[in-house]
Amino acid sequence: MDVEHRTSAKQVVSGLKFPTGGLFAALFAAWIGLITLALVNVASDVDAGFRTWLTLHSGIGPYSGKELLLLVAWFLSWPVLHVVLRRRELDVKLWFGVFLGGMLIATALMWPPVFEWIADRFRSG
Amino acid sequence: MEPSLATLLLVTLGAIAIVGLLAAATAPVGLLVGSNQWQYISAFHGLGATVFMIGATISVYLAWRLYVGELRAFKDLKWLVSFSAIMSAVTISFGTWIYIAYRAPGGPRTYFIENLPAVHQVFFEFKEFIALFTLPMFLASAFILWRYGETLVQHREARAAASIPVLLGWSYLIVAYVLGAAITKLRGV
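What you see is a predicted model; the values in this text were computed from it and never measured. (Residues numbered from 1 in each chain as written. Chains lettered and ligands numbered in written order. Predicted model: local features only at pLDDT ≥ 70, side-chain atom pairs only at ≥ 80, totals over all residues. Heavy atoms only, no water.)

A. Focus on the overall build of chain A. Along the backbone of chain A there are six helices and zero strands. Taking the contacts inside chain A whose residues are at least 6 apart along the sequence as the reference set, 76% of them involve residues at least 24 apart. Surface exposure of chain A reaches about 6,400 Å², of which carbon and sulfur atoms provide 70%. (Helix = DSSP H or I, 4+ residues; strand = E, 2+ residues; numbered from the N terminus. Contact = heavy atoms within 4.5 Å. Areas by Shrake-Rupley, 256 points an atom, 1.4 Å probe, with all protein chains shown as cover.)

Here you go:
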C-alpha cells in the first residue's frame, strides 16, 4: 500500500512514457538469469551428478548447461515480470538500489574463491 | 553541424572495407591468424570482443551524459547500446565455440591445470562467467532506452536506471577482455 501511495504521486511528476514497472521487469529478469547462473555454478561444484546433467555438449562441458539455464531463467522471467509489473509505478530509487545490491551479490558469487568456499561448506556440511 | 550516425557508420564500414581489401590482397593473413579452424574462430572471438569494446566504450560515455542529464544524442545512445548488445551475443557465441578447443585434451586448459592451475581455477573461470554478465546488462538497458525513449531525460532516477547497467556491462566487459587477452598470451588455442 505504501508503494502504491508513493507511486501515484510520482506518476504525475515522472512524465515517463510508461509506468516504471516495465523498466524493472527488464532489470530484474536480467538479474534472475544471472543469479540462476551463479547458483547453478555453486550447485555444480557441490554435486558431480548435477555437473554431469549440465553437460549438454561434451566439448563445452557443464558450461553449456549453465549458459542455457541462464537464458531460460532470463527469457522466461522477463515476459512474466513484464505482464505483472508493466502497469505499476515502482519507486525507482528504492528498487534500483535493490537491483544494484542483487548485482553485487551475483557478481561476488561468480568469483571462484567465493563460490568454491560456499561449495566447500555445503560439501562438508 | 554534427555528422549523423548513418554517415559515421558508412565512413567506418568504408574504411574497414578498404583496409581489409588491401590487407587481404597484400598481407600474409594466414600466417598472422594461424592455420587451423580454431585459430580462425579465436580470431573472430577476439575481433568481436574488440568491436564490442569500442561500441560499449562510446555507449558508456553517452550513458554518462544521460546520467548527468546533458545528453543531446539520445538516438546515438539507443543505437550504440543495441549494437553493443548484439556484439555481446556474437562474442559470447564465438567464445562458447572456442571453449571446445580450450577444453580439448592437450588444449590450453590441460596446460594451465598442469602448469598454472590458479590461472584456470581463478582467472579463466571468472572470465568465462563474467563475460556472460555483459549481455543482460546491455539488452536490459537497450530495452529501457527504446521503450521509454526521450521521456527518460526528464526523470533523474530513471536516467540512472537506464545508464548504470551500461556502465556495469562495460565493467564486466573490461574484466573479461583483459583476462581473455592475458590468458591468450599465456597459451592460445
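B. Highlighting the environment of P28 of chain B. Residue and element names in this part refer to chain B. Along the polypeptide, P28 turns up in the loop between α1 (5-26) and α2 (29-33). Relative accessible area serves as the criterion here: at 54%, P28 is assigned to the exposed category. In this structure the C-alpha to C-alpha distance between P28 and L10, which are 18 residues apart in sequence, comes to 27 Å. (Buried < 20%, exposed > 50% of the residue type's maximum accessible area, 1.4 Å probe, protein only.)

C. View of the interface of chain A and chain B. Each partner contributes to the interface: chain A provides 44 residues, whereas chain B provides 34 residues. In this assembly, chain A packs against chain B so that about 3,600 Å² is buried in total across both faces, 76% of it on carbon and sulfur atoms. Where chain A meets chain B, there are zero salt bridges. The tally of links between chain A and chain B comes to nine residue pairs in polar contact (both at pLDDT 80 or more). Elements supplying a minimum of two residues to the side of chain A that touches chain B: α1 (2-14), α2 (21-46), α4 (62-85), α5 (92-110) and α6 (112-124) of chain A. A class-by-class count of the residues in the side of chain A that touches chain B yields 26 nonpolar, twelve polar and six charged. (Buried area = accessible area lost by both parts, 1.4 Å probe. Salt bridge = Lys/Arg side-chain N within 4 Å of Asp/Glu carboxyl O. Polar contact = N/O pair within 3.5 Å; in protein donor to acceptor, adjacent residues only side chain to side chain. Nonpolar A, V, L, I, M, F, W, Y, C, P; charged D, E, K, R; others polar.)

D. Highlighting the packing of aromatic side chains. One pass over the structure, following the stated rule, counts 23 aromatic pairs over all chains. Between W74 of chain A and F75 of chain A, the ring centres sit 4.3 Å apart and the planes meet at 25°, which makes this aromatic pair stacked. A relative accessible area of 0% places W74 of chain A in the buried class. Its relative accessible area of 40% is what places F75 of chain A among the partly exposed residues. Relative to Y102 of chain B, the ring of Y99 of chain B lies with its centre 5.9 Å away and its plane at 15°, an arrangement referred to as stacked. Here the residue Y99 of chain B and the residue Y102 of chain B both occupy positions in helix α4 (residues 74-103), the gap between them amounting to three residues, near one helical turn. Y99 of chain B sits in the buried class, given a relative accessible area of 7%. Ring-pair connections join several aromatic residues into one group, and the members of that group are Y63 of chain A together with Y99, Y102, Y111, F112, F124 and F129 of chain B. The ring of W146 of chain B carries the charged tip of K78 of chain B above its face, separated from the ring centre by 4.2 Å. The ring of F18 of chain A carries the charged tip of R147 of chain B above its face, separated from the ring centre by 3.9 Å. (Phe/Tyr/Trp six-rings, centres within 6.5 Å; stacked < 30°, edge-to-face > 60°. Lys NZ or Arg CZ within 6 Å of the ring centre and 35° of its normal.)

E. Seen up close, the pattern of salt bridges. This model, assessed by the stated rule, comprises two salt bridges over all chains. Ionic pairing is found between D120 of chain A and R123 of chain A, a salt bridge with its closest N-O pair at 2.5 Å. You can see D120 of chain A and its partner R123 of chain A sitting in helix α6, three residues apart, about one turn around the helix. Judged by relative accessible area, which is 35%, D120 of chain A ranks as partly exposed. R123 of chain A sits in the partly exposed class, given a relative accessible area of 43%. E70 of chain B is paired through a salt bridge with R65 of chain B; the nearest N and O atoms lie 3.5 Å apart. E70 of chain B gets classed as partly exposed once you look at its relative accessible area, which sits at 45%. Of the residues examined, R65 of chain B reaches a relative accessible area of 26% and is grouped as partly exposed.

F. How the structure looks around the packing of α5 of chain A against helix α8 (residues 156-186) of chain B. Axis separation between α5 of chain A and α8 of chain B bottoms out at 10 Å; the angle between their running directions is 10°. Comparing their axes, α8 of chain B and α5 of chain A come out roughly parallel. Here V92, K93, F96, F99, L100, M103 and T107 of chain A of α5 of chain A lie close against α8 of chain B, whose contacting residues are E157, A158, A160, A161, I164, P165, L168 and Y172 of chain B. (Axes fitted to C-alpha atoms, helices over the stretch in contact; angles between N-to-C directions. Parallel < 35°, antiparallel > 145°, perpendicular 65-115°, else oblique.)

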